[in-house]
Structure formats: C-alpha cells, structure tokens
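# What the coordinates show
The lines below spell out each chain.
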Amino acid sequence: MTADWAEVDRYLVDTLVGDQDSGVLEANAAAGLPAIDVSPPQGKFLSLLAMSIRARRALEIGTLGGYSTIALARAVGKEGQVVTFEYEPEHARVARENLDRAGVGERVEIRVGAALDNLPVLAQEHPEPFDLVFIDADKVNNSNYVRWALRLTRPGSVIIVDNVVRDGAVADADSTDPAARASRDVIDLFAAEPRLDATVLQTVGGKGWDGFAYAVVLGDN
Ligand code: SAM
C-alpha cells in the first residue's frame, strides 16, 4: 500500500521534525484563526534555511499566529531580529502571545496593517539589509512584495514566496484565478529581473499540492 501525502507528513513530523510550535497551532485554533500556516516540515525547512545562510535578520510578510515567525525567530538566534507584517490585528494579538510563550518574543517585531503601507515606512527607516524574506500574505501582491524585498536586502539574501503552485493552476496561462495569475506574474518577474536568480520547488504534503519560489539576490559578479 502506498501512504498518502498527509501520512508521510505525519511520519516525518514524528521521526524528524518534532514539535516545533510550543502549542501555536492549538492556540490559533482556539482563537478561531484559519489553519493556513506552513506545514511543520516546511516550517522546519524555513528554519534550517535561515540557519544555513546564518541569517540574523529576517523579514516576513504574513504573520497569522506566528507559526512560521517562530521558526524564523529561533533560527536567527538571540542576537537576531525578525520583522513581520500582519494585516489583521486579531492575528497579530494571537501571534504576540504565541511568540512570547515560545520565548522568542523579544526578537520579533510585529507591524500591524497592510504590508504595502508598512513597507515604505520600514524602508524610510533605512534598516540594515535583511538576510531572508519570507512572503506569505495576500497572494495578489506577491510581485509588489518581491520588489520591496529587493530594496530591503543585499546580494546573497534569499527571498521565498510561498504557495505559488496552487494545485498546478500556475501552469494554466488562461487561469482566471487571481492567486494563480499572481503566481505567474511573480515567476515572470523572477525570470526578467537581472538582480535575482530563482527557481520553484513543488511540494506535496498534509496541505496538498503547492510549492514555493526560492530566489537569491545577485551581486555584481
Ligand atoms: N506565514 C504564516 C505561517 O505560516 O504561520 C501564515 C500566513 S497566512 C497564509 C497569511 C496572513 O497574511 C494572514 O494572517 C493574513 O491576515 C495576512 N495578510 C493578508 N493580507 C495582508 C496584507 N495586505 N498585509 C499584511 N498581512 C496580510
């Protein structure tokens, strides 16, 4: 018998990934937040990726209850910082509680409001470049978020855009689904933008068939 994707995810969580979340998913459910966090293996991947590039500063667009934020915050370490944008005040409130309970609250700043309003404010503060940007909010703005990420990073920084495969709809040039069209737009942007080199990895798992774009900000060489 062949196991299904969700069963493989459960096996991987039991054997390799472990409990990453300090009760976040339960707290999110209790507060009525939608269960649209990254899966545990994906959260672990984000954390390992951030550790691999020795990220000290991470920017996230789309906090929800902070599940992926905690993965990033653990990876950047005690001296690191995560800035995360969240539109819904209630999501931000739950995330703040979750982050504090996970013991990483001091290294995370949650900025509440529309990310496209808050990104210019952040840029005006001339922050140190971010080493990693994780984009996981309103999909129709993915290309705008990548353009802002380019302004806020440095050569060698990594930009991840989640959920770009959308059950395969990304391959349908005639799709009328706004999120699928936004996926095609952001992939076109990656293809055309000389300051970025990118790929997309398809994923299957407990959350179905999707995938994420992985881009590296290029230097002069
Ligand atoms: N990254 C989270 C995780 O894996 O735990 C999941 C984020 S969830 C998929 C998307 C979040 O983006 C939601 O909480 C939603 O309220 C937020 N969001 C939607 N539109 C936004 C916007 N314009 N600016 C900032 N956040 C937004």
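Conventions we followed
- Residues numbered from 1 in each chain as written.
- Predicted model: local features only at pLDDT ≥ 70, side-chain atom pairs only at ≥ 80, totals over all residues.
- Heavy atoms only, no water.
- Helix = DSSP H or I, 4+ residues; strand = E, 2+ residues; numbered from the N terminus.
- Expected span 1.5 Å × (residues − 1).
- Buried < 20%, exposed > 50% of the residue type's maximum accessible area, 1.4 Å probe, protein only.
- Arc of directions from axis to C-beta.
- Pairing = 2+ DSSP bridges.

The name given to the chain in an unreviewed UniProt entry is O-methyltransferase, with Nocardia uniformis as the source organism.

## A few points about helix H5 (residues 89–101)
Between its first and last C-alpha, H5 extends 18 Å over 13 residues, near the 18 Å set by a 1.5 Å rise per residue. Note on H5: the residue one or two positions beyond its end, Gly 103, has a positive phi of about 80 degrees.

## What to know about helix H6 (residues 115–124)
Among all positions in H6, only Ala 115, Asn 118, Leu 119, Leu 122 and Ala 123 are buried. Here the buried residues of H6 occupy an arc of 140 degrees about the axis, which is enough to place them on one side. Exposed positions of H6 whose direction lies more than 90 degrees from the buried face are Asp 117 and Gln 124. Directly after H6, the chain includes His 126, whose backbone phi takes a positive value near 45 degrees.

## With respect to the pairing of strand S2 (residues 81–86)
Counting buried positions along S2 gives five out of six residues, so the element sits mostly inside the fold. Summarising the sheet, strand S1 (residues 57–61) and S2 pair through five bridges and their orientation is parallel. Residue pairing across strands places Leu 59 opposite Val 83, the latter belonging to S2. Two elements, S2 and strand S3 (residues 108–112), share five bridges in a ladder whose sense is parallel. The residue of S3 that forms the bridge with Glu 86 is Val 112.

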